[in-house]
Each structure stands twice: as C-alpha cells, then as structure tokens.
Amino acid sequence: MNAMLEVRNVSKHFGNLVAVRDVSLRVAKGELRAIIGPNGAGKTTFFNLITGFFAPSSGEIIFDGRNATRLTAQQRVKIGMARTFQITEVFPELSVDENVRIAAEVTAGYALSPWLSAERERSVDATVAELIARVGLTEKSKRAVGELAHGDQRAAEIAMALALRPRLLLLDEPTAGMGEQETYQIAGLIRRLHHDESYTIILVEHDMRVVFHLADRISVLDQGALLADGTPDEIAANRAVQEAYLGKAA
Amino acid sequence: MRPGGETTAALRGPAERRWTILAGIWVVLIAAPFWLPLVHGYTSLGSRILVLGLAAMSVNFLIGFTGVVSFGHAAYFGLGVYGAGMVLRYVAPSTPLALLAGILLGGGAGVLVGALICRSRGIYFAMITIAFEQIFYYIAYKWDSVTGGYDGLRGFQRAAINFGVFTLDIKHSDLAFYYFVLAVFAIVAGVMGFLLHSPFGRTLLAIRENERRARFLGISVDWHIWLSFSISAFCIGAAGALYAMVNNFSDPSSLYFDLSGDLVIMAVMGGIRSFWGPLLGAAIFEVLQDYISSRTVNWLFFIGLVFVIVVMFFPRGLLGIFQRRRAA
C-alpha cells in the first residue's frame, strides 16, 4: 500500500455551488497522474484542495500516511508538497538564480538568517546551480525571469518547486498558453523528472498529447465529480469520457 | 514584456562594478564638507540631507524592498526625535544615550504597531499606518508638560562625545557633527544593506515580487513583513534622534503625516528600487527647499513641479535611469 496521496470523499462547496463532489483517488509513489476534464470540471479547485489553498467542505486528504486535511499551504510545503500555478508564479524582477536561491534557502531553514557561513553559502550555491542545470536554464541564470520566454519562465518555476525537495510535485497546466516548441520543452522536462528521477507528479493538463504521452494513469473530472480513473488506454476507450468531452451522441 | 529585470541590478550587478560605485558614493559623502562650499552649500545642510536621506532609505526598506507602503513612518522618526530630545533635556547631556533612546522609542513603537497591522495589505495597511501616526502626533501635541506641546521641546543641545582619549566636539563644530552623523548613517545604512543581501533580505524581495508565490514557498509572509516594519522603524528612529541633534529642538511636525509624505516623495524621486535612490531624493528635496524657500514661501509648489516632472519622465526615479541603461 504505497500511496503517496490518498483523497477520500472530498467535496468543496462555494455557497450553493458544488465545485468538487465526493472525489476519491489514490496516487502511488513514483506515479505520474494526470487529471483532465472539460473546462469548469473543478480541476483547479481540486488542486487547490490538495495543496491547501483552501480547506475541503468534507472528506480527507492523506499525504504519505499522514492526515493533511487541515494543514495550511505552508505546512503542506514543509511535509513535501510543491506546486506550480496555472499562471506562472515567479519573482519577475529577480534573476533565475535569485528565484531558485530563495526557494532553496527557505527550504534549508534560512528564511530568517541575516547571514550564512561560507560553508552553507557554498552548499546553497551548489544546490541552486544544480537545479538550474536540471531545468536547462544555466545560460540564462543571471537574467530576470520576467524577461524570459514563457517556457523558460515555467522551467524556472519548476526549478523553484524542485528546490523545496518535494515528494509530490503538483503541476497546474504546465503547458498552458505555450507554443509547440515550448510545450515540447516542458513535456520533456516533466518526463525526465518522472522517468529519470522518479518524482511522484500530479498534472492538470489540457493538451491531450502531453497527457497521453506522459501519464501512468489518468483521472477524469466532470462537473466536480470523478468520472473515470484508469490507464491512458482505458481512458481513451471509455465511453463516458468521450461523451463528457464531445457531448452525448444523439 | 515586463519592464523589470534591471531593477535589482544594484543588488546583483557584477561584484567589481558594485564595489567601485559603492566606493565612489562614500568618497563623495566623506569629502562633502570640502566640496559643498564650492557649490554654495554648507556643512550643516549636508548633515540634514544625510539624516533625511537615512529616514527616506528606512522608509524605502519597506516600500522598495518589501513592497509594503507606509504613509505613517514619520511616527517612528518623530518618536526618535522626541526620545533623543527628552533624554538630552531631562536625563543627561549624553549623545550616545540620546541616540539609543531615539532608536528604542521609534523602533519599539514600530514593533508594537507592526504586530497589529502586519496582516493588512495595500491601501488598508497604508491607511492604518497614518492612523497610528496621528495618535502619536496628538500625544506629542497635547502633552504640554513633557513634550512642550505645540511649541515643541526646547532647551537642550547636542553634547560633545567623550571617547576617553579624545573628545569629539559635535556641539560647537559643524564639521565634527557632520562626521558623527555620517558615522551613524554608515552603520544604519550598512545594517540595512547587509540584511538586504542576506537570505532574510531575499525573502523580503520575494514578498514584494509575488506574495502568493512567497507563501507557497513556505515563507511566513506576515511575520516577515512585521520584521521588516520593525527594522525599518528602528532605522528611522536613529534618523529621528540625529534630527533632534541637527536642530537642537523636537518639533511636533516631525511626527506629522506631511513628513511621511515628504519621505515617500524623496524615495520615489530618487528611485525606490535603488538602495541609494532615497538619499539622492532627499538631497534634491532639501537643496530645493533651502534655495527656493529663501526666495518664496511657495517653495512646495516647485518641489511638487519637480516631483511631477521626475515621475512623468523617469517613472523609476532618477537612479532608475542608470539601472535601465545598464540592462540595455
């Protein structure tokens, strides 16, 4: 029973609106899970529930055997959840190096340090350089993130998330608004993180080529409820999913 | 495209170049008493500029480097003024003690107020800072027997500092006083600069840049804003204590929100993304005031005019120009 994340009967109401309805799912260690669904299916809300952006109205979220339902976003970061946002959230006027450095320093517990010993600083330097290299931004590390192309900004954001030493990486539409080449770049990066470094990853994504190319398993949300859950082949053959996406055949 | 990128160049640029610029700034400041007369200035104007520049830099620690706008920082400046003034008037003619009192009174009030308001943001934060400032102003204004009320606190003078082997006579020598002010300025500005280059300082930049991202990295944003507010208040308290010694007088207007506005204007004019910008802004503000107010009582009109011109043509402040050029 190696579940990294287990979601049990989670619902979220906003007034009368039920955004997420009684969703349960399990994500195994080392798995890459994609969450898909038509617009307004509650994917981002579901993501926000997992990451602690707000609390569920009912249900439980178990992270690596530990009940995380009532933990704040910060506490969830500390126990190993890191996320990126649908709209890239970086520190635009700071360099790639500084963006990743802040994440690395906070993770190492230096958020309140007025100075670092030479030894600690070398260790942070090494971590930052290694993370930036991993996402392929070494040559751009001194440039302000806000000046970079969309795909590079996204890569920087992923480097920041990795700096948190997460055990679960949550990516909210990592290729949203990207061109062909950038999508390819980011999909390749996610694939490397999953295959070569065995990160557990949950991915909300619209681009079906990316989803079917990368995912081990796919969960489909529709109108806030879990419609289907299975391997890419099972999902592709699932009639209910086809109807949700294409409308009911007459 | 975002216009950003170059803005923290002052904090980032090539190390060698940064040290050259820093050395240049200190040469100019150390030599000021000698070149000021050549441009029809005088030493005590230099002291005033350093003091108000330090105050504006302290405000900018919050505005420019934490992204939180206070329109009430004259409160902690003024408490520094009164803290130093009251020690000199009632306790002992001791400059170090007066300085310490100003720092502790201004900073202590900042710690308390900061704890109450660090959960607010944006315009609410700014409005509450003004409200608290008015409270301190009215206390100084009404408490005649202690603060001198409307007339301010008089009857004290800055005192010579005895170092044992020699005495620095800041009481009678404007030159000695200038270097005393410069030394305090160097320490306080040095502390702020040092902090901004630390991991803690970078968390403040992170909050300025993107609070949501900062929170999702695990930074306790409210707590860091409170610390930044407190540090800024201690620093401006030091500036206030020096101001009491510049004038040998504690004036209730040093607590008034007009001054808070002036400090923000100085910072914006000089460039809020630049560490040294507010000092340049203070210099322009004070020089304009000094020259124009001897010719017309409407000198504020001209300062307003200059401010509007700067904001229209150099929206990133005067030092922002260099940052932009460096990026190009």
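Bear in mind the structure is a predicted one, so any value in this text is a computation, not a measurement.

Rules used throughout
- Residues numbered from 1 in each chain as written.
- Chains lettered and ligands numbered in written order.
- Predicted model: local features only at pLDDT ≥ 70, side-chain atom pairs only at ≥ 80, totals over all residues.
- Helix = DSSP H or I, 4+ residues; strand = E, 2+ residues; numbered from the N terminus.
- Rg over C-alpha atoms; globule rule 2.2 N^0.38 Å.
- Buried ≥ 20, exposed ≤ 12 C-beta atoms within 10 Å, placed from the backbone.
- Contact = placed C-beta atoms within 7 Å.
- pLDDT = per-residue confidence, 0-100.
- Nonpolar A, V, L, I, M, F, W, Y, C, P; charged D, E, K, R; others polar.
- Axes fitted to C-alpha atoms, helices over the stretch in contact; angles between N-to-C directions.
- Parallel < 35°, antiparallel > 145°, perpendicular 65-115°, else oblique.
- Left-handed = near helix turned anticlockwise from the far one by under 90°.
- Pairing = 2+ DSSP bridges.

**Details of the overall build of chain A**
(1) Moving on: The number of helices and strands found in chain A is 9 helices and 10 strands.
(2) Moving on: A compact globule built from 250 residues should have a C-alpha radius of gyration of about 18 Å, and chain A, at 19 Å, falls within 12% of that.
(3) Moving on: Dimensions of chain A, computed from the C-alpha atoms along their principal axes, are close to 65 × 40 × 35 Å.
(4) Moving on: Taking all 250 residues of chain A together, 48% fall into the buried category.
(5) Moving on: Contacts in chain A between residues far apart in sequence, at least 24 positions, make up 67% of those at least 6 positions apart.

**Description of helix α9 (residues 199-209) of chain B**
(1) Moving on: Within α9(B), 11 of the 11 residues are buried, leaving the element largely enclosed by the surrounding structure.
(2) Moving on: Turning to α9(B), its buried residues number three or more, namely B:Pro199, B:Phe200, B:Gly201, B:Arg202, B:Thr203, B:Leu204, B:Leu205, B:Ala206, B:Ile207, B:Arg208 and B:Glu209.
(3) Moving on: Of the surrounding elements, those touching the buried residues of α9(B) are α3 (96-107) of chain A together with α3 (43-66), α8 (174-196), α10 (211-216) and α11 (221-247) of chain B.

**Concerning the confidence of the model for chain A**
(1) Moving on: Overall, the predicted model of chain A reaches an average pLDDT of 90, with 98% of residues at or above 70.
(2) Moving on: Here helix α9 (residues 239-246) of chain A stands out as the least confident element of chain A, with mean pLDDT 81; α3(A) is the most confident, with 95.

**Observations regarding the interface of chain B and chain A**
(1) Moving on: On the chain A side, the residues contacting the 24 residues of chain B number 30 residues.
(2) Moving on: Counting residues per element, the ones that place at least two in the side of chain B that touches chain A are α9 and α10 of chain B.
(3) Moving on: When residues in the side of chain B that touches chain A are grouped by element, the largest group, 7 residues, is from α9(B).
(4) Moving on: Classifying every residue of the side of chain B that touches chain A gives 8 nonpolar, 9 polar and 7 charged.

**Observations concerning the packing of helix α4 (residues 74-91) of chain B against α11(B)**
Residue and element names in this part refer to chain B.
(1) Moving on: Across the interface, α4 lies against α11 with an axial gap of 6 Å and an inter-helix angle of 50°. If you check the angle between α4 and α11, you find them oblique. α11 is crossed by α4, and the crossing has right-handed handedness. Between α4 and α11, the residues in contact are Tyr 76, Phe 77, Gly 78, Leu 79, Gly 80, Val 81, Gly 83, Ala 84 and Gly 85 and Ala 233, Ile 236, Gly 237, Ala 238, Ala 239, Gly 240, Ala 241, Tyr 243, Ala 244 and Met 245, respectively.
(2) Moving on: In terms of residue class, the contact of α4 with α11 is made up of 13 nonpolar, 6 polar and no charged.

**Some words on the sheet that holds strand β3 (residues 32-36) of chain A**
Residue and element names in this part refer to chain A.
(1) Moving on: Here 6 strands make up an open sheet; going across it, the order is β6-β7-β8-β3-β9-β10 and the pairing mixed. Looking at strand neighbours, the two that pair on one side only are β6 (81-84) and β10 (225-230), the edges of this open sheet. If you compare each strand with its neighbour and ignore which way they point, the axes differ by 15° on average.
(2) Moving on: Note: strand β7 (residues 168-172) against strand β8 (residues 200-204), 5 bridges, orientation parallel. Looking at β8, one finds that Leu 168 is bridged to Thr 200.
(3) Moving on: Contacting β3, β6, β7, β8 and β9 (217-222), helix α1 (residues 43-51) crosses the sheet at an angle of about 150° to β7.

**What about the sheet that holds strand β2 (residues 17-28) of chain A?**
Residues and elements named next belong to chain A.
(1) Moving on: Sheet architecture is open: 4 strands sit in the order β2-β1-β4-β5, paired in antiparallel fashion. The sheet is open, and its two borders are formed by β2 and β5 (66-67), each paired with just one other strand.
(2) Moving on: In this structure, strand β4 (residues 58-63) lies alongside β5, joined through 2 bridges in antiparallel fashion. In the sheet register, Phe 63 faces β5, and the bridge partner there is Arg 66.
(3) Moving on: Across the sheet, α1 lies against β1 (3-14), β2 and β4, angled at about 60° from β2, the strand it touches most.

**Digging into the environment of B:Gly193**
All names here are of chain B.
(1) Moving on: Along the chain, Gly 193 falls in helix α8.
(2) Moving on: Among the residues examined, Gly 193 registers 17 C-beta atoms within 10 Å and is labelled partly exposed.
(3) Moving on: Taking the C-alpha atoms as reference, Gly 193 lies 24 Å from Gly 218; in sequence the two are 25 residues apart.

**Looking at the pairing of β9(A)**
All names here are of chain A.
(1) Moving on: For β9, the tally of buried residues reaches 5 of 6 residues, placing the bulk of the element in the interior.
(2) Moving on: Across 4 bridges, β3 lies against β9 in parallel orientation. Residue pairing in the sheet places Ile 35 in a bridge with Ser 219 of β9.
(3) Moving on: Relative to β10, β9 is paired through 5 bridges, and the arrangement is antiparallel. From the neighbouring strand, Val 220 faces β10, where its bridge partner is Ala 228.
(4) Moving on: Here β9 folds back onto β10 in antiparallel fashion, the turn holding 2 residues, of which Gln 223 has a positive phi close to 50°.

**A closer look at unusual backbone geometry**
(1) Moving on: Unlike most non-glycine residues, A:Ser198 shows phi in positive territory, near 45°.
(2) Moving on: Phi is positive for B:His40, which is not a glycine, with a value near 60°.
(3) Moving on: Relative to the assigned elements, B:His40 resides in the loop between α2 (15-35) and α3.

**Observations concerning the environment of B:Leu319**
Residue and element names in this part refer to chain B.
(1) Moving on: When you line up the elements, Leu 319 lands in helix α15 (residues 318-327).
(2) Moving on: By the C-beta count within 10 Å, which is 23 here, Leu 319 ends up buried.
(3) Moving on: The residues contacting Leu 319, other than those within four sequence positions of it, are Gly 270, Gly 271, Ser 274, Trp 276, Gly 277 and Leu 280.

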